[in-house]
Amino acid sequence: MTCASCVGRVERVLKTVPGVVSAYVNLATERADLTFAGVADTVAAVSAVEKIGYKASVASEAGNDAVADRHDAEASSLQRDLLIALIFALPVFVLEMGSHLIPTLHDYIMRTMGMQASWYIQLTLTTIVLAIPGRRFFSKGIPALMRAAPDMNSLVALGAGAAYAYSLVATLAPQWLPAATVNVYYEAAAVIVALILLGRFLEGRAKGRTSEAIKRLAGLQVKTARVSRNGQIVEVQIAEVNPGDMIELRPGERIPVDGLVVQGTSFVDESMISGEPVPVEKSAGTQVVGGTVNQNGVLNIQATKVGSDTVLSQIIRMVEDAQGAKLPIQSLVDRITMWFVPAVMAAAALTFVIWFLVGPDPALTFALVNAVAVLIIACPCAMGLATPTSIMVGTGRAAQMGVLFRKGEALQQLKDTKVVAVDKTGTLTQGKPALTDFILAAGSDRSSVLAAVAAVESRSEHPIARAIVEAATGEGLMLPAIDNFTSVTGFGVQADIDGHRVQVGADRYMHKIGLDVALFEDEARRMGDEGKTPLYAAIEGKLVAMIAVSDPIKDTTVAAIKSLHDLGLTVVMITGDNRRTGEAIARKLGIDQVIAEVLPDGKVLAVKRLKEQYGLIAYVGDGINDAPALAQADVGIAIGTGTDIAIEAADVVLMSGDMGGVARAIALSKATIRNIQQNLFWAFAYNTALIPVAAGVLYPLNGTLLSPIFAAGAMAFSSVFVLGNALRLRRLKF
């Protein structure tokens, strides 16, 4: 594909394939994403594309190298053709335009070879340019024209072909033309081809740089691994590694798959995943991620996820999906490009007719030159590249900063976000609370109560429960056996120990079971002011203890909240904690609003209310209970260190677990959409403004006409400008 009209044409034909629900074609990535209802008939899709003159194949991970090889071959072909075109077009330009611009050169040519010989030389050289490097435009453009589906190649073929054909008649059969119109435009035909090939070549190089993020990520994938087979360590291709295989890692090696350390101790550089430069210590029982680097020790790991299931493969897939996304802003381009090329051809025909009928002598010459200029200046390459190149570079830069856009729409929506709602535990805080206070009611024994509470909490996965269990085991307490464990969602947990009912939970749980927590009122108020979460324990319906757990705030949170405020955003914390605790943490962090004591389903209602109050909302969370709210928000942002369910429900994933990634994602969204708007303005305004100039509207005013050569240069520059502007996003720093 070469321009936006190609994209529209392929998209439209794919939508006619039986079973295709939606189709999106991306000019920059040269991929089509299809959604099928029922069985995916890719054979029919490929066949439909080939019927309208393009080539297609089913994309696959294994095919990425083949695509790269094809791009390299195309780049080499373009470079060769460009060189040939420049070598043969330059003498044509000098002979024709040089003689017009430099009187001395004109006199020399007339004295030595004469005008007719000069035309024969230009004819020979131009024929070589059109037949060899320029053949690509005719071989693709003319069949497209015959199918009544003209594209950029058609415009170039018509423009260069018309200039060449007219010159050919003037050279070989001048008697067929009015005497005043006998002139040649070989230089226009030859230089148009050379300049457009130059634009294509620069475009190809720039497009290659837009996909560097994917190449870098793919470069982190290891090709081989040393696996234990039949008691021996053998090196095998990564495709042959299976879950459960034992892999040996030496210092300095990149980890081939996701796995579990079975033996050894080392530090691993996980900056590729987390963005954090500090290596992480690994020992038996800890997880390692494929693509990260083992630094200084020998590790034996057991493969848990291989191939496309690894975190790195999922990251690459997310980036590819985001880069191939279709933003709402793209619909404007789609609507325009449906009629743009036919409209340009109509404008060129109208230009020819008007100049031929009412233009000054030689009218035919003026009509031809201006019609060719209109055809060339309006090639819609820049339109097709304006959006996808910015998306590719923007999402690639985001991936390098640990921000993964799972859904491309989020890239546009984040720009207009008014409020950021955040979960507290694991998002603002470390998600690893520690037991700080254990206050007993009169007559209660610390060891027995703590052991009983820890035994019940040992069945819960909540971070607060783990803090209590760790505190009890840290004191050397033996946890008793429990029966009939029940988790009361949003309230607490309960179980039986030796026939005695033990219940642990928030104050609302105590109220639910009919207990008054006023006994600990003063201590609860103090703890709440300190940002601690008070829990209560009851045994056999009697309140026996108040437990305070504090979850330390992440070091990066304060700066992250400030960054969001600097972007003009309102920050709201939504938490299941009691209001006093929530407000204490909010004061410490400078958060604008707190919605406290919220159950999991209450988070969805809170998001809906905030959306009504402020407008577009982004929700940041990390837990299973955040998944509904992440889905409900306009943009769901999951902390990458959280659960798989939260990540699947989100539109954006922050790999580092750092809230600062939210501000970076929003700032990057603003920069990318601004970049797209600049590109679209340039592509549309530039083409729209210059078509009348090429048609000659300024001629009656000041005698200005746009040469087809300058039209070709301007068209090529338009595409290169759009790509260059998109590449500026690679240098963004936050």
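Residues numbered from 1 in each chain as written. Predicted model: local features only at pLDDT ≥ 70, side-chain atom pairs only at ≥ 80, totals over all residues. Heavy atoms only, no water.

- An unreviewed UniProt entry lists the protein chain under the name Copper-translocating P-type ATPase, with Pollutimonas nitritireducens as the source organism.
- Check the Sequence similarities (unreviewed entry) section of the UniProt entry for the protein chain; it says "Belongs to the cation transport ATPase (P-type) (TC 3.A.3) family. Type IB subfamily." (UniProt positions renumbered as here; feature names shortened; annotations may be inferred.)

As for the UniProt feature "transmembrane region" (unreviewed entry) in the protein chain
Right, on to step 1. Residues annotated in UniProt with the feature "transmembrane region" (unreviewed entry) correspond here to residues 82–102, 117–134, 155–177, 183–202, 336–358, 364–387, 680–699 and 705–727.
Right, on to step 2. Between the first and last C-alpha atoms of residues 680–699 the distance is 28 Å; the span itself is 85% helix and 0% strand. (Helix = DSSP H or I, 4+ residues; strand = E, 2+ residues; numbered from the N terminus.)

Quick notes on the sheet that holds strand 16 (residues 492–497)
Right, on to step 1. The strand order 14-19-18-17-16-15 describes an open sheet built from six strands, whose pairing is antiparallel. Two strands lie at the open edges of the sheet, namely strand 14 (434–440) and strand 15 (483–488), each paired on one side alone. Neighbour to neighbour, the strand axes of the sheet diverge by 20 degrees on average, direction disregarded.
Right, on to step 2. Pairing between strand 14 and strand 19 (residues 542–550): six bridges, direction antiparallel. (Pairing = 2+ DSSP bridges. Axes fitted to C-alpha atoms, helices over the stretch in contact; angles between N-to-C directions.)

Focus: the pairing of strand 18 (residues 533–539)
Right, on to step 1. The element strand 18 is extensively covered by neighbouring structure, given that six of its seven residues are classed as buried.
Right, on to step 2. Pairing analysis gives four bridges linking strand 17 (residues 500–505) to strand 18, with the strands arranged antiparallel. Residue pairing across strands places Gln-503 opposite Ala-538, the latter belonging to strand 18.
Right, on to step 3. Examined bridge by bridge, strand 18 and strand 19 share seven bridges and lie antiparallel to one another. Opposite Thr-533, over in strand 19, you have Val-549 as the bridge partner.
Right, on to step 4. Here strand 18 folds back onto strand 19 in antiparallel fashion, the turn holding two residues, of which Glu-540 has a positive phi close to 55 degrees. (Buried < 20%, exposed > 50% of the residue type's maximum accessible area, 1.4 Å probe, protein only.)

Overview of the packing of aromatic side chains
Right, on to step 1. Per the counting criterion, the structure on display carries seven aromatic pairs.
Right, on to step 2. Taking 5.6 Å as the distance between ring centres and 55 degrees as the angle between the ring planes, the aromatic pair formed by Phe-366 and Tyr-699 counts as tilted. On the criterion of sequence distance, the pair formed by Phe-366 in helix 13 (residues 363–377) and Tyr-699 in helix 27 (residues 699–702) is long-range, its members being 333 residues apart.
Right, on to step 3. With relative accessibility at 28%, the residue Tyr-699 sits in the partly exposed group.
Right, on to step 4. Ring-pair connections join several aromatic residues into one group, and the members of that group are Trp-355, Phe-366 and Tyr-699.
Right, on to step 5. In this arrangement the basic side chain of Arg-508 is found over the ring face of Phe-491, its NZ or CZ atom lying 6.0 Å from the centre.
Right, on to step 6. Geometry around Phe-491 places Lys-512 over its ring, the cationic atom sitting 4.5 Å from the centre. (Phe/Tyr/Trp six-rings, centres within 6.5 Å; stacked < 30°, edge-to-face > 60°. Lys NZ or Arg CZ within 6 Å of the ring centre and 35° of its normal.)

A word on the environment of Phe-717
Right, on to step 1. Looking at where Phe-717 falls in the secondary structure, it is placed in helix 28 (residues 708–727).
Right, on to step 2. Judged by its relative accessible area of 43%, Phe-717 is partly exposed.
Right, on to step 3. Separated by 521 residues in the primary sequence, Phe-717 and Ile-196 place their C-alpha atoms 9.1 Å from one another.
Right, on to step 4. Excluding its chain neighbours within four sequence positions, the residues that come into contact with Phe-717 are Trp-682 and Tyr-686. (Contact = heavy atoms within 4.5 Å.)

Observations regarding the nonpolar core
Right, on to step 1. Phe-405, Leu-414, Leu-564, Ile-637, Val-652, Met-659 and Val-662 are the most contacted members of the largest nonpolar core, which totals 118 residues.
Right, on to step 2. Here the element with the most residues in this core is helix 26 (residues 660–695); it accounts for 15 residues.
Right, on to step 3. Residues in contact with Leu-564, not counting those within four places in the same chain, are Val-420, Leu-569, Val-571, Met-659, Val-662, Ala-663 and Ile-666.
Right, on to step 4. In this structure, Leu-450, Ala-451, Ala-454 and Val-456 belong to the second largest nonpolar core, which totals 26 residues. (Core = buried A, V, L, I, M, F, W, Y, C linked by side-chain atoms within 4.5 Å.)

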